[in-house]
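Examining the three-dimensional arrangement
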Amino acid sequence: QVVSQGWKYFGGHFYYFSKISKTWYSAQQICISRDSHLTSVTSEREQEFLYRTAGGLPYWIGLTKAGSEGDWHWVDGTPYNKVQSEKFWIPGEPNNVGNNEHCVTLKTSLLRSWNDASCDNTFLFICKRSYKPSEP
Ligand code: 2F8
Ligand code: CA
């Protein structure tokens, strides 16, 4: 599956908003194949950029508690700050429906936009990579 062009620059990183829906794991594999990971969210400004660009459609982000004994973590290695992240969850989330919601979507066009969902669902997804100028 080719993911090409369409990377958007914001605050020192490039972001790719997919046009195809994938399971969380497949989405992360596609991001990795493009030198990136499913996006982390580390500030209110970044969250704003993401939900505005997402335009109300749900997208996978790189937050999961799969394979980590129930601890939320970012797949790009960014430490998960539980306190700083509280304000990004939709009220009532994460609710772990069916004890099977271990991956996270950015679901609404609001600061409080995260929902935990089953990793086997298919959604659009957002990849993030650092800005590395190519060599001359
Ligand atoms: O009402 C919140 C609830 O909505 C859906 O379940 C009905 C979501 N499921 C998916 O997005 C797959 C739940 O995660 C969410 O908590
Ligand atoms: Ca949920």
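Note that the structure is predicted; figures quoted are calculated from it, not measured.

**Thoughts on the coordination of the calcium ion (ligand 2)**
- Around the calcium ion (ligand 2), the donor atoms from the protein are E93 (OE), N95 (OD1), E101 (OE), N115 (OD1), D116 (O) and D116 (OD), and they sit 2.3 to 2.6 Å away.
- Here the donor residues of the calcium ion (ligand 2) are spaced in sequence according to E-x1-N-x5-E-x13-N-D. One end of the pair, E101, is in the loop between α3 (82–85) and β6 (103–106); the other, N115, is in strand β7 (residues 114–117), with 14 residues separating them in the sequence. The residues E101 and N115 share a single accessibility class, namely buried.

**Some details on the confidence of the model for the protein chain**
- In the predicted model, the protein chain carries a mean pLDDT of 94, and the fraction of residues at 70 or more is 95%.
- Reported confidences for the modelled complex are a pTM of 0.93 and an ipTM of 0.95.

**Quick word on the state of the cysteines**
- Applying the stated rule across the entire model yields 2 disulfides.
- Through a disulfide, C31 is tied to C127; the S-S separation comes to 2.1 Å. Here C31 and C127 share a disulfide; its torsion about the S-S bond, -80 degrees, makes the bridge left-handed. Taken together, the residues C31 in helix α1 (residues 24–33) and C127 in strand β8 (residues 124–130) connect sequence positions 96 residues apart. Here C31 and C127 have matching classes, each one buried.
- Between the sulfur atoms of C103 and its disulfide mate C119 the distance is 2.0 Å. For the disulfide bridge between C103 and C119, the dihedral angle about the S-S bond is near 95 degrees, and by the sign convention the bridge is right-handed. Residue C103 is found in strand β6, and its partner C119 is found in the loop between β7 and β8; the two are separated by 16 residues along the sequence.
- For C119, a relative accessible area of 16% translates into the label buried.
- By sequence order of its bonded cysteines, the protein chain has the disulfide arrangement 1-4, 2-3.

**Overview of the site of ligand 1**
- In the neighbourhood of ligand 1, the contacting residues comprise E93, N95, E101, K107, N115, D116, A117 and N121.
- Interatomic distance of 2.5 Å between a side-chain N/O atom of E101 and an oxygen atom of ligand 1.
- A distance of 2.9 Å separates an oxygen atom of ligand 1 from a polar atom in the side chain of N115.
- Computed on the free molecule, ligand 1 has an accessible area of 400 Å², of which 54% lies beneath the protein chains in the complex.

**Points about the environment of D76**
- Topologically, D76 is positioned in the loop between β5 (73–74) and α3.
- The partly exposed category is assigned to D76, whose relative accessible area is 28%.
- Those residues within four positions of D76 in sequence are excluded, and the remaining contacts are H37, S40 and K128.
- Side chain to side chain, D76 and S40 meet in a polar contact 2.6 Å long.
- Within the structure, the side chain of D76 is placed 2.8 Å from the side chain of T78, a separation counted as a polar contact.

**Things to note about α1**
- Those residues of α1 that sit buried are W24, A27, Q28, I30 and C31. What you see down the axis of α1 is that its buried residues fit within an arc of 160 degrees, all on one side. Of the exposed residues in α1, the ones pointing more than 90 degrees away from its buried face are Y25 and S33.
- Where α1 is buried, its residues contact β3 (37–38), β4 (59–64), β6 and β8.

Rules used throughout
Residues numbered from 1 in each chain as written. Chains lettered and ligands numbered in written order. Predicted model: local features only at pLDDT ≥ 70, side-chain atom pairs only at ≥ 80, totals over all residues. Heavy atoms only, no water. Donors = N, O, S within 2.8 Å, 3.2 Å for Na, K, Ca; no water. Helix = DSSP H or I, 4+ residues; strand = E, 2+ residues; numbered from the N terminus. Buried < 20%, exposed > 50% of the residue type's maximum accessible area, 1.4 Å probe, protein only. pLDDT = per-residue confidence, 0-100. Disulfide = S-S within 2.5 Å. Near = heavy atom within 4 Å. Polar contact = N/O pair within 3.5 Å; in protein donor to acceptor, adjacent residues only side chain to side chain. Areas by Shrake-Rupley, 256 points an atom, 1.4 Å probe, with all protein chains shown as cover. Contact = heavy atoms within 4.5 Å. Arc of directions from axis to C-beta.

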